[in-house]
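An overview of the molecular structure
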Amino acid sequence: MSIPSGGTPADRQLVGIELYHGLTGCDPADADVRDNDKFDRHVFASVLCAAVMDGGPLPERTGLTADELNELLAQCFPPAPVQAIISMENSGSASDEEIMLRDLLLGERSVKGEISRWLAAMVARRAMEPNHLWEDLGLRERAELTRLLMLHFAPLAAQNTKNMRWKRFFYRRLCENEGLVMCTTPVCTQCCDFNHCFGEESGESRMAERRREHLRGIESRAGAAGNPQV
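What this report covers is the structure whose coordinates are included nearby. For clarity, every value in this text was computed on a predicted model and none was experimentally measured.

1. Some points on the overall build of the chain
The helix and strand tally for the chain stands at 12 helices and zero strands. Counting from the amino terminus, the chain carries its helices and strands in the arrangement α-α-α-α-α-α-α-α-α-α-α-α. Sorting the 230 residues of the chain into buried and exposed places 43% on the buried side. Of the contacts formed within the chain by residues at least 6 apart in sequence, a portion of 68% connects residues at least 24 apart. For the chain, the exposed surface amounts to about 11700 Å²; the carbon and sulfur share of it is 50%.

2. Observations regarding the side chain of His-42
In this fold, His-42 is placed in helix 2 (residues 36–54). Residues in contact with His-42, not counting those within four places in the same chain, are Tyr-20, Ala-31, Val-33, Leu-139, Arg-140 and Glu-144.

3. As for the pattern of salt bridges
Here the structure, examined in full by the defined rule, presents 11 salt bridges. Between Arg-117 and Glu-114 there is a salt bridge whose closest N-O contact spans 2.2 Å. Here Arg-117 pairs with Glu-114, and both are found in helix 6 (residues 114–126), just three residues apart, close to one helical turn. Overall, the relative accessible area of 26% leaves Arg-117 in the partly exposed class. Glu-144 is the partner of Arg-140 in a salt bridge, and the nearest nitrogen-oxygen pair spans 2.8 Å. For Arg-140, a relative accessible area of 24% translates into the label partly exposed.

4. A word on the environment of Pro-57
Residue position: Pro-57 is located in the loop between helix 2 and helix 3 (58–62). Along the sequence, Pro-57 and Asn-90 sit 33 residues apart, while their C-alpha atoms lie 7.2 Å from each other.

5. A short note on helix 5 (residues 96–106)
Turning to helix 5, its buried residues are Glu-98, Leu-101, Leu-104 and Leu-105. What you see down the axis of helix 5 is that its buried residues fit within an arc of 125°, all on one side. If you follow the buried residues of helix 5, they end up packed against helix 6, helix 8 (142–152), helix 9 (154–157) and helix 10 (166–177).

6. A word on the packing of aromatic side chains
A complete count under the given rule lists four aromatic pairs for this structure. Their ring planes at 40° and their centres at 6.1 Å tell us that Trp-166 and Phe-170 sit as a pair that is tilted. Here Trp-166 and its partner Phe-170 are both found in helix 10, four residues apart, which amounts to about one turn of the helix. Looking at Trp-166, the relative accessible area reads 3%, which means it is buried. Given the relative accessible area of 1%, Phe-170 is considered buried. Seen in terms of ring centroids, Phe-169 and Phe-170 are 6.2 Å apart; in terms of plane orientation they differ by 50°. Their pairing is tilted. The rings of Trp-166, Phe-169 and Phe-170 are connected pair by pair, giving a single aromatic cluster.

7. Re the side chain of Glu-144
Looking at the secondary structure, you find Glu-144 in helix 8. Those residues in contact with Glu-144 that lie beyond four places of it in its chain are Phe-39, His-42 and Leu-139.

8. Digging into the packing of helix 5 against helix 6
Between helix 5 and helix 6, the shortest axis-to-axis distance is 8 Å and the interhelical angle comes to 145°. As helix 5 runs across helix 6, the sense of the crossing is right-handed. Contacts between helix 5 and helix 6 pair Glu-98, Leu-101, Arg-102, Leu-105 and Leu-106 from the former with Arg-117, Ala-120, Ala-121, Val-123, Ala-124 and Arg-125 from the latter. Per-class residue counts for the contact of helix 5 with helix 6 are seven nonpolar, no polar and four charged.

Conventions we followed
Residues numbered from 1 in each chain as written. Predicted model: local features only at pLDDT ≥ 70, side-chain atom pairs only at ≥ 80, totals over all residues. Heavy atoms only, no water. Helix = DSSP H or I, 4+ residues; strand = E, 2+ residues; numbered from the N terminus. Buried < 20%, exposed > 50% of the residue type's maximum accessible area, 1.4 Å probe, protein only. Contact = heavy atoms within 4.5 Å. Areas by Shrake-Rupley, 256 points an atom, 1.4 Å probe, with all protein chains shown as cover. Salt bridge = Lys/Arg side-chain N within 4 Å of Asp/Glu carboxyl O. Arc of directions from axis to C-beta. Phe/Tyr/Trp six-rings, centres within 6.5 Å; stacked < 30°, edge-to-face > 60°. Axes fitted to C-alpha atoms, helices over the stretch in contact; angles between N-to-C directions. Left-handed = near helix turned anticlockwise from the far one by under 90°. Nonpolar A, V, L, I, M, F, W, Y, C, P; charged D, E, K, R; others polar.

So, in structure tokens, the structure goes:
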């Protein structure tokens, strides 16, 4: 399996699906995350797959350097055959916004070590994408993002007492740290942007959606082959 930085969206989707299985030995829907170590591996595999699906250099899409990604793969997925064939180019500088969020997460880690440091960089980078954060991390549902943050960044996550959307919560904290006010409405329920901050974050995960589209394409091609035009 090769991991292209370009290719068509369909190519990248297929590679992303294959990559998760290559890293973990199972499909995302079947991942056993009852153990925290297994959960961390699931998170890392999900982020890598989402980044591959987006296209572009993997370091740029994950917020890590090529050396950090190779270290992550060696530590978390030693049996996986993909480490030696992932082609990665180091990206340019991170945006100021990404750096601020990464530093916020790093300053609120529950435990020290490489795992939480990598996660801080990955969460900060994927937060720059346009969808719900749990979606752009490749996770299966918002609850997995909450678990990730409570496990590795508990001092920060515990402050989200009203279950605000995580991106909005992060930006509120960044504004507060700079002495700024994100909104002027004194009561959240009276704010016209209430649903942007607290609205439901349900939906189908990116991996499940891409897998369904891939299987549908296979069925369509098989049907066309079985019923050739006369």
